[in-house]
Amino acid sequence: MRPGALGGHRASRIYGRLDCPSARRAIDKGGYVRHRVFFADEAAAVAAGYRPCARCLPARYHEWKSGV
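To keep things clear, this report deals only with the structure shown in the data block. (Residues numbered from 1 in each chain as written. Predicted model: local features only at pLDDT ≥ 70, side-chain atom pairs only at ≥ 80, totals over all residues. Heavy atoms only, no water.)

Here we look at the nonpolar core
Membership of the largest hydrophobic core comes to 14 residues, with the highest contact counts inside it found for Tyr 15, Cys 20, Phe 39, Ala 45, Tyr 50, Cys 53 and Cys 56. Cys 53 has contacts with Ile 14, Tyr 15, Gly 16, Cys 20, Pro 58 and Tyr 61, leaving out every residue within four places of it along the chain. (Core = buried A, V, L, I, M, F, W, Y, C linked by side-chain atoms within 4.5 Å. Buried < 20%, exposed > 50% of the residue type's maximum accessible area, 1.4 Å probe, protein only. Contact = heavy atoms within 4.5 Å.)

Quick notes on the side chain of His 9
Within the fold, His 9 resides in strand β1 (residues 6-9). Reaching out from His 9, the side chain makes a polar contact with the side chain of Ser 12 at a distance of 2.9 Å. Contact partners of His 9, with chain neighbours within four places excluded, come to Ile 14, Tyr 32, His 35, Val 37 and Tyr 50. (Helix = DSSP H or I, 4+ residues; strand = E, 2+ residues; numbered from the N terminus. Polar contact = N/O pair within 3.5 Å; in protein donor to acceptor, adjacent residues only side chain to side chain.)

Concerning the pattern of salt bridges
Scanning the model with the defined rule gives three salt bridges in all. Measuring nitrogen to oxygen at the nearest pair gives 2.7 Å for the salt bridge that ties Arg 17 to Asp 19. By relative accessible area, Arg 17 is classed as partly exposed at 30%. Among the ionic pairs, Asp 28 bridges to Arg 24, the shortest N-O distance being 3.5 Å. Separated by four residues within a single helix, Asp 28 and Arg 24 lie in helix α1 (residues 21-28), roughly one turn from each other. Taking the relative accessible area as the measure of exposure, Asp 28 reaches 59% and is therefore exposed. Among the residues examined, Arg 24 registers a relative accessible area of 39% and is labelled partly exposed. (Salt bridge = Lys/Arg side-chain N within 4 Å of Asp/Glu carboxyl O.)

With respect to the sheet that holds strand β4 (residues 51-52)
Taking strand neighbours across the sheet as the criterion, the four strands line up as β3-β1-β2-β4 in an open arrangement whose pairing is mixed. On the outer flanks of this sheet lie β3 (36-39) and β4, each paired with one strand and no other. The pairing of β1 with strand β2 (residues 14-17) spans four bridges and is antiparallel. Residue pairing for β2: Leu 6 is matched across the bridge by Arg 17. (Pairing = 2+ DSSP bridges.)

Any functional reading would require information beyond the geometric quantities listed.
Right, here's the structure in full:
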């Protein structure tokens, strides 16, 4: 993943790729944007207390879910 390629949703504390289908769908419906945040990298998102998106980062999500 390249730096600056992650966005998040402040209210739900989820981060994912900028091209995430779930985020795109929410943005297209007029939601999400007000709570949008951006991260330089995955370490910054995790340090801020965000969890990975199950849709666009399934492997990372399963690692997070299992506590690895």
